[in-house]
Amino acid sequence: MASNKKGLPAQLFAAIFAFAAAVIPAQALDTTNIAFVQTVSATTSIPVGHLEFCQSRPDECRPHANPVGAVSLTENLWQQLLSVNASVNQSIVPVTDDQLYQVAEFWTYPNGYGDCEDYALAKRRDLINAGWPASTLLMAVVKQANGEGHAVLMVRTDRGDLVLDNQVGSVDLWSATPYKFIKRQSQADAGKWVDMIDTREIVVATAAIN
């Protein structure tokens with residue numbers, strides 16, 4: 001596959017940007033289209049693992065003073081997303097919480113080992129350290145085709161909601177993934193969560209071929 005001058009596979013870069021150009025007006029950010037996950041206005045229950053994470057790290061679960069709605073995704077920032085996703089995925093050995101901590105659920109930063117939410121937390125931390133607004137980096141809970149829960153990092157950009165996942169090497173629009181999206185962090189408050197509205201029929205069709 002051909003690459004651009006910065007090493008990004010040209011077809012992948014072109015596909016996501018072409019899709020975005022088709023659904024997002026240049027003069028405004030329209031979050032009502034399929035590139036963005038819709039949410040309900042009221043807050044919902046917090047995953048137990050994240051609640052305990054917030055209790056031990058309250059500074060990371062506070063309201064955002066000036067929430068940024070979306071990051072303007074340049075090619076350099078796209079490269080950064082790819083780099084962080086790949087780096088974290090490659091540096092952590094997948095191990096369940098039960099194996100590591102003898103509990104069913106424990107959210108924490110990985111130290112060489114971890115499960116899905118630990119990967120996502122590490123990616124969120126690394127992107128915040130790189131200057132990304134925390135309000136655009138959202139921990140999310142999804143359901144896999146087999147019914148099991150899974151955690152990913154959702155990144156809200158002007159090109160849509162992108163998913164960083166430890167199970168795949170690519171960074172994809174949420175609507176191109178085989179998951180049922182359940183709930184995510186609030187953009188206004190890192191310690192609160194909102195339900196996501198996911199009525200796509202494509203969820204079943206996509207999951208069936210993966």
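As the structure is a prediction and not an experimental result, all values here were calculated from the model.

Peer 1: For the state of the cysteines, give the residues involved together with the corresponding values.
Peer 2: Counting across every chain of the model gives one disulfide. Put simply, C54 and C61 are joined by a disulfide, and their sulfur atoms are 2.1 Å apart. Its torsion about the S-S bond being -80°, the disulfide of C54 and C61 is classed as left-handed.

Peer 1: An account of the packing of aromatic side chains is requested, with residue identities and associated values reported.
Peer 2: Enumeration according to the criterion identifies four aromatic pairs in this entry. Ring centres of W107 and W193 lie 6.2 Å apart, and the angle between their planes is 70°; this geometry places the pair in the edge-to-face category. In this pair, W107 is assigned in the loop between α4 (97-101) and β3 (113-114) and W193 in strand β9 (residues 193-197), connecting sequence segments 86 residues apart. For the cation-ring pair, R125 lies above Y109, with the distance from its terminal atom to the ring centre recorded as 4.7 Å.

Peer 1: Which residues make up the sheet that holds strand β4 (residues 137-143), and what values go with them?
Peer 2: With antiparallel pairing, the seven strands of this open sheet are ordered in space as β1-β9-β8-β4-β5-β6-β7. One side of each edge strand has no neighbouring strand; the edge strands of this open sheet are β1 (38-44) and β7 (172-173). Here strand β5 (residues 149-157) runs beside strand β6 (residues 160-164); their pairing, made up of five bridges, is antiparallel. Its bridge partner lying in β6, M154 is registered against V163. Contacts between helix α5 (residues 116-129) and the sheet are confined to β4, β5, β6 and β8 (180-185), with β5 contributing the most and set at about 20° to the helix.

Peer 1: Explain α5 to me, and be specific about the residues and the numbers.
Peer 2: Taking 1.5 Å per residue, 14 residues should reach 20 Å; α5 reaches 20 Å between its end C-alpha atoms and fits that length. Of all 14 residues making up α5, 10 are buried, and the element is well covered by its neighbours. Within the span of α5, buried status applies to C116, E117, D118, Y119, A120, L121, A122, K123, R124 and L127. Just beyond α5, the residue with positive phi is G131, at close to 105°.

Peer 1: Summarise the pairing of β4; cite the residues concerned and give the values.
Peer 2: Burial runs high along β4: six of the seven residues are buried. In the sheet, β4 pairs with β5 via seven bridges, with the strands oriented antiparallel. What sits directly across from A140, in β5, is V152. Hairpin geometry of β4 and β5 is characterised by an intervening segment of five residues between the two adjacent antiparallel strands and by a positive phi of about 90° at G147. Here β4 runs beside β8; their pairing, made up of four bridges, is antiparallel.

Peer 1: Describe the packing of helix α3 (residues 75-91) against α5, and please don't skip the residues or the numbers.
Peer 2: Between two packed helices, what matters for the description is the angle formed by their axes and the separation of those axes. Closest axis-to-axis distance for the α3/α5 pair is 10 Å, and the angle between their directions is 140°. Between α3 and α5, the angle is such that the two are oblique. You can see that α3 and α5 cross each other, and the crossing is right-handed. Contacts between α3 and α5 involve L81, V84, N85, V88 and N89 from the first element and Y119, A122, K123, D126 and L127 from the second.

Peer 1: Mind laying out unusual backbone geometry, listing which residues take part and the relevant values?
Peer 2: A positive phi is found at Q102, a non-glycine position, where the angle reads about 60°. With respect to the helices and strands, Q102 occurs in the loop between α4 and β3.

Peer 1: Can you break down the side chain of S135 residue by residue, with the values?
Peer 2: Examined against the element boundaries, S135 turns out to sit in the loop between α5 and β4. Under the relative-accessibility criterion, S135 is labelled buried at 3%. With near-sequence residues (within four places) excluded, S135 lies in contact with H64, P67, V68 and Q187.

Peer 1: Run through the side chain of Q185, naming residues and quoting values.
Peer 2: Relative to the elements of secondary structure, Q185 occurs in strand β8. Assessed through its relative accessible area of 1%, Q185 is described here as buried. At a separation of 3.5 Å, a polar atom in the side chain of Q185 contacts the side chain of R124. For Q185, the side chain forms a polar contact with the main-chain nitrogen of M139, separated by 2.8 Å. The residues touching Q185, leaving out its near neighbours within four places in the chain, are H50, R124, L137, L138, M139, A190, K192, W193 and V194.

The rules we used
Residues numbered from 1 in each chain as written. Predicted model: local features only at pLDDT ≥ 70, side-chain atom pairs only at ≥ 80, totals over all residues. Heavy atoms only, no water. Disulfide = S-S within 2.5 Å. Phe/Tyr/Trp six-rings, centres within 6.5 Å; stacked < 30°, edge-to-face > 60°. Helix = DSSP H or I, 4+ residues; strand = E, 2+ residues; numbered from the N terminus. Lys NZ or Arg CZ within 6 Å of the ring centre and 35° of its normal. Pairing = 2+ DSSP bridges. Contact = heavy atoms within 4.5 Å. Axes fitted to C-alpha atoms, helices over the stretch in contact; angles between N-to-C directions. Expected span 1.5 Å × (residues − 1). Buried < 20%, exposed > 50% of the residue type's maximum accessible area, 1.4 Å probe, protein only. Parallel < 35°, antiparallel > 145°, perpendicular 65-115°, else oblique. Left-handed = near helix turned anticlockwise from the far one by under 90°. Polar contact = N/O pair within 3.5 Å; in protein donor to acceptor, adjacent residues only side chain to side chain.

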